[in-house]
Each structure stands twice: as C-alpha cells, then as structure tokens.
Amino acid sequence: MKSPTVPPDHPRRVSLEIRERVIEGHEKGIVATAGLLAHGRGEAFDYMIGEKTTERAREAARAGVAALLSAIHPVISVNGNACALAPKELVALSELTNAPLEINLFYYTREREDAILRALRKAGAKGVLGTHDRPSSAIPELSSNRRKVDSEGIAKADTVLVPLEDGDRTEALRALGKLVIAIDLNPMSRTSVKASISVVDNIVRILPLMIDYAREMKDMPKKRLESVVSTFDNKANLNDSIRMIMNHLESETRQDDDISQAI
Ligand code: PTJ
C-alpha cells in the first residue's frame, strides 16, 4: 500500500516523514514487524525529549566517536530499523572511523539479511560483515539470534556501536569486556543503562552530527581521543537526560496552566 505524502505545512511533518521511512523499510523487508513497535516507543521518548538534540546527547556522541576512532577493532552493528532510517549515514560513519558495518538481527531471516545488505550496498557500503556466507562465532552469554556474530567483526571488536539495541546483547557485549556505544531515545532502557556511552537521541538526528565529529577528530592524537572517552561520565549523562525529560514535561505543564488561566 502506498503511503500518503505528508503535507509540507503539517506541524508533525518531520516525525511523520521519519515514520514513513520505517514503514517503507518494513514493506521492503528491511524492518521487522516488531521494529514498527520499537519505532513507536522511540517516537514517544523523542516527544518527551522535545524532538531535539540535547547538549548531553552531543557530549555523548562526541565521546562515542572518540571511542570508535581510538579503538583497535571498532564495529558498527546494523539492524533493520537503523538501516531503514539512516543507511547513508551509517556508511559514512563507518568509512570515517574505519569501523566495518555488521548486520546483526534479533528477528533473523535470510530474506531480511539480503534486503538489508542490498540497502547498505545501495547506500555505498563496500564490505559488509555478518552475512550468512561469512565466518561466524557465538556470544556464549546470549540465547537470541544475536548470539551469532562475525568472527572478523563483533567477535573480535573492542568497541561496538549499537543503535536501537536490545538490553541483553549490550549486557553480553559488556561482559565480554567490549566498550559499547548505544544510540537509544530511552535513557531508562536496559541498553542505555548497560552501555559504556549512551547517546540519548534519535538516530536520524545524531548520526549526521557524529559524522561531523568524526571529520573533526579523525586526526586527533590517540591520547586525546582516549581522554575524551575516559572523562565521559555515563551515569551523569543518563541522570541529566532523565532530568531534561522531566524539565521538558514540566514546561509543557506550565503551558497548560497558562491556557487554563487564559480561559
Ligand atoms: O532488526 P532486528 O531484527 O534486529 O530488530 C530490531 C528491533 C529494534 C526490533 C529490536 O532490537 C528490538 O526489539 O528493540 P527494542 O528492545 O524494542 O529496543 C529498541 C529501542 O530503540 C527502544 O528503547 C526505543 O526507544 C529505541 N528507539 C526506537 N526508535 C529510535 C530509537 N532510538 C533512537 N532512534 C530511533 N529512531
């Protein structure tokens, strides 16, 4: 079914256009049906954040990019939603940070793997890890489909970027001693809480910024990059992110008060 075009003056145009991308991704077999629900959850948190990138998200994104640039084996994990929402940005960040893209799916089917691979190649990806024809190993702590990882990718990575992740795998990757960078709109999700660096923002807004940071920092000495990572405090980041949501909701309440006084 062809989705209607969002009118240019629609007050929720940006959000609706992003939603259309996910629906289109689902129709092409890229996004899992559960990915539509995951997106709805993300939309709700984005609404509470105020649909803008906070200063805290910028700091986390910068630390995340510094971690990718200073890693020995960085990898960017790709699932259906991430691929549908920002394929070109994933490819650009991968090239700038020398972090290969690895397809890693919770709801694995061979058809979805193929559809995601096609979309990444169309976006300019040259080599993609995690496909069925690649050598694989298993993450022993995990029972989901995500336990199967590329032997040359996540298996040997020291740093993994995981956009829109489920909590189990973040926890398992941390248990294996890897540095995990999450992109998740929910600062209270298990992924955000378990990750080393949690970027609380919409993948659509934050990846272009991470690309800018990668361009800016790619020639920085390793010591300086490592210091950006080691001085980042994820607990403070998450606490502030939750506070920012509360402040945003508070300001919305005051607007309601203003309205009732005006009546
Ligand atoms: O493609 P697959 O098979 O690997 O499956 C991918 C999904 C996303 C379905 C799977 O990983 C899943 O079920 O994830 P969860 O547990 O629903 O978690 C998704 C998280 O991503 C939630 O915390 C959402 O708030 C968050 N999220 C949703 N949309 C966005 C987002 N975070 C950043 N940007 C978004 N656009």
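**Some points on helix α3 (residues 55-70)**
Argument step 1. Its 16 residues place the ends of α3 23 Å apart at the C-alpha level, agreeing with the 22 Å of an ideal helix rising 1.5 Å per residue.
Argument step 2. Among the 16 residues of α3, twelve are classified as buried, and the element is accordingly described as predominantly covered.
Argument step 3. Taken as a whole, α3 has its buried residues at Arg56, Ala57, Ala60, Ala61, Ala63, Gly64, Val65, Ala66, Ala67, Leu68, Leu69 and Ser70.

**Focus: the side chain of Lys178**
Argument step 1. Mapped onto the secondary structure, Lys178 falls in the loop between α7 (167-175) and β7 (179-183).
Argument step 2. With residues up to four places along the chain from it excluded, the contact list for Lys178 reads Ile154, Ala155, Lys156, Ala157, Asp158, Val160, Leu173 and Ser196.

**Side note on the site of the ligand**
Argument step 1. Near the ligand, the surroundings consist of 23 residues, among which Arg41, Phe106, Tyr107, Arg112 and Arg146 are the closest.
Argument step 2. Within the backbone of Tyr107, an N or O atom sits 2.8 Å from an oxygen atom of the ligand.
Argument step 3. Protein coverage of the free-state accessible area of the ligand, which is 750 Å², stands at 94%.
Argument step 4. Assessed atom by atom at 2 Å from the grid points, the ligand resides in the largest pocket.
Argument step 5. Where the shell around the ligand is concerned, the elements lending two or more residues are α2 (33-49) and α4 (80-85).
Argument step 6. Examining the composition of the shell around the ligand, we find that five residues originate from one element, α2, more than from any other.
Argument step 7. Across the shell around the ligand, the residue classes break down as nine nonpolar, eight polar and six charged.

**Let's talk about empty space enclosed by the protein**
Argument step 1. Tallying each qualifying case throughout the model produces one cavity of 30 Å³ or more.
Argument step 2. The computed volume of the largest cavity comes to approximately 60 Å³.
Argument step 3. Surrounding the largest cavity, Ile49, Thr54, Arg56, Ala57, Val200, Asn237, Ser241, Met244 and Ile245 form its lining.
Argument step 4. The set of elements that each furnish at least two residues to the lining of the largest cavity consists of α3 and α11 (234-262).
Argument step 5. Counting residues per element, the lining of the largest cavity draws most heavily on α11, at four residues.

**Here we look at the sheet that holds strand β1 (residues 74-78)**
Argument step 1. Overall, parallel pairing links the six strands, which are arranged β3-β2-β1-β6-β7-β8 in an open sheet. Two strands lie at the open edges of the sheet, namely β3 (128-129) and β8 (197-199), each paired on one side alone.
Argument step 2. As paired strands, β7 and β8 are joined by three bridges and run parallel to one another. Within β8, the residue paired with Ile181 across the bridge is Ile197.
Argument step 3. Taken strand by strand, α7 contacts β1, β6 (159-163) and β7, and its axis lies near 175° from that of β6.

Criteria and cut-off values
- Residues numbered from 1 in each chain as written.
- Predicted model: local features only at pLDDT ≥ 70, side-chain atom pairs only at ≥ 80, totals over all residues.
- Heavy atoms only, no water.
- Helix = DSSP H or I, 4+ residues; strand = E, 2+ residues; numbered from the N terminus.
- Expected span 1.5 Å × (residues − 1).
- Buried < 20%, exposed > 50% of the residue type's maximum accessible area, 1.4 Å probe, protein only.
- Contact = heavy atoms within 4.5 Å.
- Near = heavy atom within 4 Å.
- Polar contact = N/O pair within 3.5 Å; in protein donor to acceptor, adjacent residues only side chain to side chain.
- Areas by Shrake-Rupley, 256 points an atom, 1.4 Å probe, with all protein chains shown as cover.
- 1 Å grid on protein atoms, 1.4 Å probe; cavity = no way out; pocket = protein on both sides within 12 Å on 5 of 7 lines; lining within 4 Å.
- Sits in = over half its atoms within 2 Å of the grid points.
- Nonpolar A, V, L, I, M, F, W, Y, C, P; charged D, E, K, R; others polar.
- Points joined across faces, edges and corners; volume = space filled by probe spheres on them.
- Pairing = 2+ DSSP bridges.
- Axes fitted to C-alpha atoms, helices over the stretch in contact; angles between N-to-C directions.

Everything listed here is a matter of geometry and, on its own, says nothing about what the molecule does.
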